[in-house]
Structure formats: structure tokens, C-alpha cells
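# A look at the structure
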Amino acid sequence: IGVYECMAKSPTGEVKSRSAKMIYNKRNSKPHFFRTPHDVSADIGETVRLDCAASGLPTPDILWTRDDLPVRTGGKFQITDPGTLTITGIEREDAGAYKCSAANFVGRISTVVQVRVNVAPQFVTSPENLTVRSGYKAELRCEADGSPEPVITWFKDGKTVVPGGRLSISSEGTLLTIEHVKESDSGLYTCLAQNQVGSAEGSGEIRVRGYGPRPPRLVLQPYPITAPVGTSVELPCKAEGEPIPTITWTKDNVALREDRNHRVFPIGSLRLYNLTVDDGGLYECIATNQYGEVTARGSLIVEDLTRGRAPGDRYVHLAFQEASAAVDRAINATIASLFTSRNGTNRTPSYLMRLMRFPDASTRNIIRAAEIYERTLINIRKHIQSGLKVNLTQDYSYSDILSPQQLQLVANLSGCMEHQAPVNCSDMCFHTKYRTIDGTCNNLQHPRRGASLTGFRRILKPIYENGFSTPIGWNKDRKYFGFPKPSARLVSTSIISTEDITPDTEITHMVMQWGQFLDHDLDHAIPSTSAESWEGIDCKKSCAYAAPCFPMEVPPNDPRIHNRRCMDFIRSSAICGSGMTSVFFDTIQPREQINQLTAYIDGSQVYGFTEDRARLLRDLSNDLGLLRVGISSPSGK
């Protein structure tokens, strides 16, 4: 800054230019940020706002780039003065490094922020069922995508898998490997992928075969089916053998080609969609391996529905057969686990309690009837839905898809009507003097009231999540007053617990015991006859909600449980005429449990609650009418 002159000199003289004054213009300056954006994380669908503002002379221009590519105003991206970038309805692909640049002819500055979009884990590869021979290697793969990157944890039969020995898990957790598999490695392996947003769970079962090569054997075979036009059917076929048989299908002795309406499932069953009359014919399932071949045939008749018939009538027998097989398989599996020899295994108190509470044959028949009825209705709904001809919502009436005659048929086939048989109380000489063993006719105005093996009567109405059958919390995504229901285990450990135990000054422990005795004389809700779901899920090995399994999640930092994600819990059985099976009785009745005992103080838990049970407990070798007793030792015990 100052006055400048130009001077020229020579021997003959000098000359100067006119003076020039230099002045600094203080208004020109390079850009400077006075508002900068910050790193942000957002959920899908949210609106993200990135503030950026700079000062300088001349006024700097603001430019936004994402991953070094310009961000243009339009659609979900809007840039407003002085330089704020707004992203509306952000999606996962909008994540990245966003740069805000401010520039004028004096200079340029920039700042970079990271925009992260939170995404719940989704499986890219989920575990699949695997059958391997003993001594071979088994691998289960589980890959999940999400943001933040999901953490993968493995469980076997509900317990955390700890790497070591023959079992290893890759550093990313995506691959579980078992070398030289043994029978003890069989089980349900669950992959849990979770991040801050949510979690995803996938399961695969490992089965270990210990025997050698053998020809195919059909476990499921096709059978004759009649179905209406436009629906879908499944022709069952499943084979076992070593090596695992290959299954192919023919129609009328011509090889069947798969397309969008004809699909062979991995187990071998053939599914046909949107039936036409041309789909009718003789179908043959062929199971082949290097040691042999086995075949089975089943016919399919496709016909138009006659007017006046309900769309579900055609499926009653098929749905009933499927329901009977599923329910019986689950019950038989439970009976086998309870009563199979346990040599060398200690019988725990919980096992003995479960054994004593397990229903006898007559009680199981009542429970089985309700379960078969309910499962049959579910199967009918499934078959109709697969035909894409009836739009069924979660709450709908079965009377819309089944005629009254077919509803009657379902009730009769399942045995659901047997417990509704009328009671004969005409022998007034007996009934005015004595109570009955099963409680019937004790109340002559209401002969079945208080009888054994009948539904409980409520003072307050029950609360079910769907209004009549599913318990509160069955739908994990449903919120109450804006919040999901907490785990029952968390409630009990947080509220119904104490560390301060004090004796009572007036009553003894015997008062509680006597109350328990009276309570167990008045009621006993029958537990489910199956410890498996209809789909074959073992309630003790899975944390999935699948009737009758309703496990209780173990919260973090539980004071007692550290190596399990859930506590197995099995729902009690329902009486026919309640819940889903109330459809036959013209009105929806909430699901109601069965009282195995009489509702009277009559010692039914000691002397029996049915005629058959009472006779079984009596010593009929003499006329004394005493109860049977065990073997007496010399000490009198």
C-alpha cells in the first residue's frame, strides 16, 4: 500500500511518471463457513436436512456433490438458500459421502459429511436343511445385509453355539462348519442377524445319517384328488434313501416339464397352480437312485364348481387328512419323548412333573378333536388362498367358504361334537342323593356345569390379540399405546420379585399348601398334548411362535438365565366350540381352556374325574371300596 512512481535515468538526465496510489479493497475475501453439516443416520423414509452456509466477497456459490458426483435439485433432492440440502423419503441408495463446496474468485473451501441409512438385517443367504452321513463335513451358510452391518450369532436348539473342537465359525460369522459329524450334532441351527435397527432369524436342520446305501422308499405318496377349476393343489411325494433319491414326475406317462403353473418342491411334492380341465390326468412320482427305483400314482380330476356350492367344500376330506396326520405326528412325537426308555438318564423334577400332567387317552381324544378341527379349517383356507380365487382377510367367516353341510362334516370327522352330547339326569333317585364322579347332573338346572373335561366359565371376558384365539404379544410387531409388549420374563424379574423375605407372624406355610390342594381340586387346565407345532417345530428347541409353542424371550442381563434366548412355554389345550372351532356353533366364542377336573370340592384330583379313571384308581380285588396302593415294604413305607 502506498504511492508508486516510475523513473528513467541516463547521463543526459532523468524523467519521472506521474504518481500512482495503491489502496487495498477490504470487501474482497475468500469463502468462510459459518454453518456446516454434520454426519447423520436416518431410517428409510425419513427426511434428512444438511445445512451449509458460507460468507465471502463476492458471495460464494454453494455446490453439493455425493461421492464426487453433482447433486441436482429435483425429486427427493432440494437445495434451498443459503445452501441447505434436503433429502425427502431417503432410501438406502441415498447413503454416501456428501460434500458441500463454497467458491468465489478469491478461493474455494469444502466440507464432507457421511449420510448413513439404517436398514434392518435381511438375509442374502439363509441356512438350509442339511442331511449328511456320519463322519462327513457339514456346512451351514448365513449371510445378511443391513446398515449398520449386522452381527451374526449362531444357536443350536435355542442355545448359543460356542466354536471349538470339530465346530468352527468364520470370522464374519457367515459360515458354520462341523467336521466329522456325529449323531449328537443333529438339531435345529438358527442364525440370528441383528443390528441397531432390528433382527432377522433363519433356521436350518442338520440330520446325520448313520447307515449305508439303500434303495429309495416313499414316505409320502400321491393319492386321488378332485379339485375345481382355477384352484391349486399339491400332489405329495417324498422319498428317503442313500444316496438321496432324485424325484421326477410324469403325467399320463409323459415326462412333466416345470413352468410357472407346475412346480416340484425340494422334498418332491408337485404343486399345480390355477388348474384347468387339461390338468386332469394320472400323475406318477418316480424316486430314483443308483440302488433302485420306486413309483406311486395318483389321479387328479379337475371340474367346474357347480352353482350353489361353497368354494371350500371340495377340500374338506383332503384338509382333514392333512390335519389328522399333522396332529397325530406331533402328539406321537411327544409321547415318544416322554415314555421312551431313558436308561442312564436322570429323571429331573420338571420331567416327572410333565409326565404326571400329561393327559390320558380319553382326555387326549377331546383335545385332539379340537386341534384337528382347527387345523382342518386352516388347511381349507390355505388351499383356497393358493387358488387366488377368494380374497381372505385375517378376520373372515368360514361360513362364507364352507356350506353348512361341510361344516357339519368337519365337526363329525374331527370328533368335535362328541363332548356336546346331552347328559341323561333322569335317575332322580340317584342324583338327589349322590354326586357323580365326573360332576354331570350335580346341578340339575345346568347338568354339564362344573363337569370334568368341559370349558372354563369366565367372570371377566378374556383378552386375545385377534379377539378370540391368539394371546397378547403373538404378533411381535404390534404395539400397544405406541409400545411393543415387554417379555413376560422381564415383567416377572422386574416387578414380581423381592430380595427381602420375611416370615408371616400369623399363618404358616400349611395355609398355602391347603389353598393349593383346594385349587387343584377345583381346576386343572390341560396342557397341550404336543410339545411340537403342527409344522414339526420342537417347542423346547425353538424361539418361534408356532402353536402351541409360545416361548418367553429372556431379556439381556437376566439374573438367572445366561445361555438361552428364550424359555419354552406351551399353551394349554382349547375346548371344542371356542376360538376357531366356534365357527360351527354360529357365533365366534373366545378360545377357552379345558378343566380336566370337576369344579366341585369333591377330591376329583384324588378319586378321579371320569368313570374310567375312578375304576382304575380303585382296588377291585375286594369289596372294601378302597383306593389302590403301591407295594408295601417291611418298614410300612
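Right above here is the structure, for reference.
Residues numbered from 1 in each chain as written. Predicted model: local features only at pLDDT ≥ 70, side-chain atom pairs only at ≥ 80, totals over all residues. Heavy atoms only, no water.

### Looking at the overall build of the protein chain
- For the protein chain, the helix and strand inventory stands at 9 helices and 39 strands.
- The buried share of the protein chain, reckoned over its 637 residues, is 38%.
- In the protein chain, 62% of the contacts between residues at least 6 apart in sequence involve partners at least 24 apart.
- For the protein chain, the exposed area adds up to about 38,100 Å²; of that, 53% sits on carbon and sulfur atoms. (Helix = DSSP H or I, 4+ residues; strand = E, 2+ residues; numbered from the N terminus. Buried < 20%, exposed > 50% of the residue type's maximum accessible area, 1.4 Å probe, protein only. Contact = heavy atoms within 4.5 Å. Areas by Shrake-Rupley, 256 points an atom, 1.4 Å probe, with all protein chains shown as cover.)

### Thoughts on the packing of aromatic side chains
- Tallied over the entire structure, the rule returns 5 aromatic pairs.
- Measuring from centroid to centroid gives 5.5 Å for Trp474 and Phe550, while their planes differ by 40 degrees, and the two rings are tilted. Within this pair, whereas Trp474 is found in the loop between β34 (454-455) and β35 (479-480), its partner Phe550 is found in the loop between α7 (509-522) and β37 (552-553), the two being separated by 76 residues in sequence.
- What makes Trp474 partly exposed here is its relative accessible area of 22%. (Phe/Tyr/Trp six-rings, centres within 6.5 Å; stacked < 30°, edge-to-face > 60°.)

### Some remarks on the sheet that holds strand β21 (residues 175-178)
- Strand order across the open sheet formed by 3 strands is β16-β21-β20, with antiparallel pairing between neighbours. Here the strands that pair on one side only, and so sit at the sheet edges, are β16 (138-141) and β20 (167-169). Neighbour-to-neighbour, the strand axes of this sheet turn through a mean angle of 15 degrees, independent of strand direction.
- As defined by bridge partners, β20 adjoins β21 across 3 bridges and the pair is classed as antiparallel. The residue bridging Ser168 from the neighbouring strand is Thr177, located in β21. (Pairing = 2+ DSSP bridges. Axes fitted to C-alpha atoms, helices over the stretch in contact; angles between N-to-C directions.)

### As for the side chain of Thr174
- Here Thr174 shows up in the loop between β20 and β21.
- Once you skip the residues sitting within four places of it in the chain, Thr174 turns out to touch Leu140, Arg141, Cys142, Glu143, Ile152 and Trp154.

### A closer look at the sheet that holds strand β31 (residues 270-272)
- Pairing is antiparallel in the open sheet, where 3 strands are placed in the order β26-β31-β30. The open sheet has two edge strands, β26 (233-235) and β30 (262-264), and neither has a second partner. Here the average twist between neighbouring strands, direction ignored, is 20 degrees.
- As judged from the 3 bridges shared by β26 and β31, these two strands associate in the antiparallel manner. The residue of β31 that forms the bridge with Glu234 is Arg271.

### Regarding unusual backbone geometry
- Residue Leu57 is joined to Pro58 through a cis peptide bond whose omega torsion reads -5 degrees.
- Relative to the elements of secondary structure, Pro58 occurs in the loop between β8 (53-57) and β9 (61-66).
- Note that the residue after Asp81, namely Pro82, is joined by a cis bond; omega there is 0 degrees.
- Of note in this structure, Leu453 is not a glycine but carries a positive phi near 60 degrees.
- With respect to the secondary-structure elements, Leu453 resides in the loop between α5 (428-431) and β34.
- Relative accessible area serves as the criterion here: at 10%, Leu453 is assigned to the buried category.
- If you check the backbone angles, Phe481 has positive phi at about 55 degrees while not being a glycine.
- Turning to its location among the elements, Phe481 is positioned in the loop between β35 and β36 (483-484).

### Section: the nonpolar core
- Counting residues in hydrophobic clusters, the biggest one holds 19 residues, and the most contacted among them are Leu50, Trp64, Leu85, Ile87, Ile90 and Tyr98.
- Among the elements of the structure, β7 (48-50), β12 (84-87), β13 (96-104) and β14 (107-125) are those that each provide at least two residues to this core.
- In terms of residues, this core owes the most to one element, β14, which gives 4 residues.
- Excluding its chain neighbours within four sequence positions, the residues that come into contact with Ile90 are Ala42, Asp43, Ile44, Gly45, Glu46, Val48, Val115 and Val117. (Core = buried A, V, L, I, M, F, W, Y, C linked by side-chain atoms within 4.5 Å.)

### Some words on the environment of Ile463
- Relative to the helices and strands, Ile463 is located in the loop between β34 and β35.
- Under the relative-accessibility criterion, Ile463 is labelled exposed at 67%.
- A C-alpha to C-alpha distance of 9.8 Å links Ile463 and Arg591, two positions 128 residues apart in sequence.

### Considerations on the pairing of strand β33 (residues 292-303)
- The pairing of strand β25 (residues 225-228) with β33 spans 4 bridges and is parallel. Within the sheet, the bridge partner assigned to Ile225 lies in β33 and is Leu300.
- Connecting strand β32 (residues 281-289) to the antiparallel partner β33 that follows it, the hairpin turn spans 2 residues.

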